[in-house]
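# Reading the structure
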Amino acid sequence: MTTAPPRTESLDVQPTPLALLLLGREADPRSERGVECPGDLPSPSDPDLVERARAAKEKLGERVFVLGHHYQRDEVIQFADVTGDSFKLAREAAARPDAEYIVFCGVHFMAESADILTSADQKVVLPDLAAGCSMADMATAEQVAECWDVLTEAGIADRVVPVSYMNSSADIKAFTGKHGGTICTSSNAKRALDWAFEQGEQVLFLPDQHLGRNTAVRDLGMSLDDCVLYNPHKPNGGLTVEQLRSAKMILWRGHCSVHGRFSLDSVREVRERIPGVNVLVHPECKHEVVSAADHVGSTEYIINMLDAAPAGSAWAIGTELNLVRRVAKAHPDKEVVFLDRTVCFCSTMNRIDLPHLVWTLESLAEGTLVNQIQVDSETESFAKLALERMLALP
């Protein structure tokens, strides 16, 4: 489903350390920190873009349905008919069968899920095809197939149930469906794992190691020793046969570059700076950060928690910058700060800017279909099976 990047050895250049880090070939010793983000996002270059977007959307009328993920910038989110997390938006798309065009302001794997769950005559459009997800890209179909071969050779594949996070490609969702597994979100991961352990003895959790580890330890009462980390860049995942056989959770070595940057020092610093602060983090954060937090939950959970919080309370939130700013603006009676002083925007989410959205809407209004996301029928069939298993969870 994804196009492989050009092979660097075919070019007369040497990849820089930063390039190797972004390609996943090197590690950042400072706890998986993402790229630095000093300063705000640039404003759109054309002051008439807002009016142009309004005009194009009005011309399309009910033929278009615009979905906006919580991490989108304000200039884009204002045109969304529905806002939410990735799965909520995919379900909303499926619930609008009369909309000819589904414009997904999010990232590639989200648009794929929307295409899987919508009807064949609906067109799902991603305003910028370069809006991917670094976490989803950390697990390719070839790597996961090789991993399954390793599990087969270790004699455990028949007792391992794959559980894949929503933040994965259609290929990985299809693998999950084909091998009897289910999809999960950050809000129903516990239910998904409970179901998986009713089907088998072990779980292969893809592709976010932190969500898998946090759910297993915090919610299911496992120990850290029950979890092993499978590294697709090492032979046999860097694990012995005995480690694979004895683990309850086989965690894929993937992570979110934004949530991975929060550290235990971030928690300590904000507690010293703001006495009585409530630390609220996303479960994609590292285990030590989640363990030190007061509250842990999905983006929807974070929003609901702030809505219910008493006036005058103080909150340090560990998630993407656009969402934190939006929540802070919506609650001027509460002190809302970033958990880390240098929290970064999600660089791929923010590729969906107003110029791209305007170009998309105007093209559709003129009868030109652009940037359609299409999942092939076989992949769609197995991926939908995995998604439907999630929908059937109690």
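Treat the numbers as computed from the prediction; the structure is a model and nothing was measured.

## Looking at the environment of Leu239
- Structurally, Leu239 is set in the loop between β8 (227-230) and α10 (241-246).
- The class of Leu239 is buried, set by a relative accessible area of 11%.
- Remark: the alpha-carbon pair of Leu239 and Leu229, spanning 10 residues in sequence, is separated by 7.9 Å.
- Setting aside its immediate chain neighbours within four residues, Leu239 contacts Val228, Leu229, Tyr230 and Leu244.

## Quick notes on the sheet that holds strand β4 (residues 123-125)
- One open sheet holds the four strands; their spatial order is β2-β1-β3-β4, and the pairing between them is parallel. The open sheet terminates on both sides in strands that have one partner only, identified here as β2 (82-84) and β4. Direction aside, neighbouring strands of the sheet carry axes that sit 20° apart on average.
- For strand β3 (residues 101-105) and β4, the ladder comprises three bridges, and the chain directions are parallel. Paired with Val103 across the two strands is Val125, which belongs to β4.
- Packed onto the sheet, helix α15 (residues 354-365) meets β1 (64-69), β3 and β4 and runs at close to 175° relative to β3.

## Description of the pattern of salt bridges
- Using the criterion set out here, one finds 12 salt bridges in the structure.
- Across the pair Glu51 and Arg54 runs a salt bridge, and its minimum N-O distance is 3.9 Å. You can see Glu51 and its partner Arg54 sitting in helix α2 (residues 49-60), three residues apart, about one turn around the helix.
- The partner of Asp219 in a salt bridge is Arg218, with the nearest N and O atoms 3.8 Å apart.
- Overall, Asp219 belongs to the partly exposed group, its relative accessible area being 36%.
- Residue Arg218 is classed as partly exposed on the basis of its relative accessible area of 42%.

## A look at unusual backbone geometry
- Residue Pro207 follows Leu206 across a cis peptide bond; omega there is -20°.
- With respect to the helices, strands and loops of the structure, Pro207 is situated in the loop between β7 (202-206) and α9 (209-219).
- The residue Asn236 is not glycine, and still its phi comes out positive at about 55°.
- Locating Asn236 in the fold gives a position in the loop between β8 and α10.

## Things to note about the nonpolar core
- In this structure, Val103, Phe205, Met249, Ile317 and Leu361 are the most contacted members of the largest nonpolar core, which totals 87 residues.
- If sequence neighbours within four positions are ignored, Phe205 has contacts with Val163, Cys184, Leu193, Leu211, Gly212, Met249, Ile250, Leu251 and Trp252.
- Listed in part, the 21 residues of the second largest apolar core include Ala157, Val160, Leu239 and Ile250.

## Regarding the confidence of the model for the chain
- Summarising the model, the chain shows a mean pLDDT of 87, and 88% of its residues fall at 70 or more.
- Low confidence marks residues 1-39, where pLDDT is under 50. Its contacts with residues over four positions away, or in another chain, come to 43 contacts.

## Considerations on helix α16 (residues 377-391)
- Helix length check: α16 (15 residues) gives 20 Å between terminal C-alpha atoms against 21 Å at 1.5 Å per residue, within 8%.
- Turning to α16, its buried residues are Thr379, Ala383, Ala386, Leu387 and Met390. Seen end-on, α16 carries its buried residues on one side only, within an arc spanning 95°. Facing away from the buried side of α16 by more than 90 degrees, the exposed set consists of Ser377 and Glu378.
- On its buried side, α16 packs onto α4 (86-94), α5 (108-117), α7 (170-178) and β6 (182-184).
- One side-chain oxygen of the residue at the start of α16 lies 3.3 Å from the amide nitrogen of Glu378, identifying that residue as Asp376.

## Overview of the packing of aromatic side chains
- For the coordinates displayed, the defined rule picks out two aromatic pairs.
- A ring pair is formed by Trp148 and Phe175, whose centres lie 5.5 Å apart and whose planes are at 80°; its orientation type is edge-to-face. With Trp148 in helix α6 (residues 141-153) and Phe175 in helix α7, this pair connects stretches of sequence that are 27 residues apart. Each of the two residues, Trp148 as well as Phe175, counts as buried.
- With a centroid separation of 5.3 Å and an interplanar angle of 25°, the aromatic rings of Tyr230 and Trp252 are classed as stacked. Taken as a pair, Tyr230 in strand β8 and Trp252 in strand β9 (residues 249-252) lie far apart in primary sequence, 22 residues in all. Pair check on accessibility: Tyr230 and Trp252 agree, each one buried.

## Some remarks on the pairing of strand β5 (residues 160-165)
- Burial analysis of β5 places six of its six residues in the buried class, the great majority of the element.
- Of the two faces of β5, both are covered, the one formed by Val160, Pro162 and Ser164 as well as the one formed by Val161, Val163 and Tyr165.
- Two elements, β5 and β7, share five bridges in a ladder whose sense is parallel. Across the sheet, the residue bridging to Ser164 is Leu206, located in β7.
- Both β5 and β6 contribute to a ladder of three bridges, which runs parallel. Following the sheet pairing, Tyr165 is matched in β6 by Cys184.
- Viewed along the sheet, the connection from β5 through α7 into β6 turns out right-handed.

Reading guide: rules and limits
Residues numbered from 1 in each chain as written. Predicted model: local features only at pLDDT ≥ 70, side-chain atom pairs only at ≥ 80, totals over all residues. Heavy atoms only, no water. Helix = DSSP H or I, 4+ residues; strand = E, 2+ residues; numbered from the N terminus. Buried < 20%, exposed > 50% of the residue type's maximum accessible area, 1.4 Å probe, protein only. Contact = heavy atoms within 4.5 Å. Pairing = 2+ DSSP bridges. Axes fitted to C-alpha atoms, helices over the stretch in contact; angles between N-to-C directions. Salt bridge = Lys/Arg side-chain N within 4 Å of Asp/Glu carboxyl O. Core = buried A, V, L, I, M, F, W, Y, C linked by side-chain atoms within 4.5 Å. pLDDT = per-residue confidence, 0-100. Expected span 1.5 Å × (residues − 1). Arc of directions from axis to C-beta. Polar contact = N/O pair within 3.5 Å; in protein donor to acceptor, adjacent residues only side chain to side chain. Phe/Tyr/Trp six-rings, centres within 6.5 Å; stacked < 30°, edge-to-face > 60°. Right-handed = clockwise from strand over helix to strand, strands pointing away.

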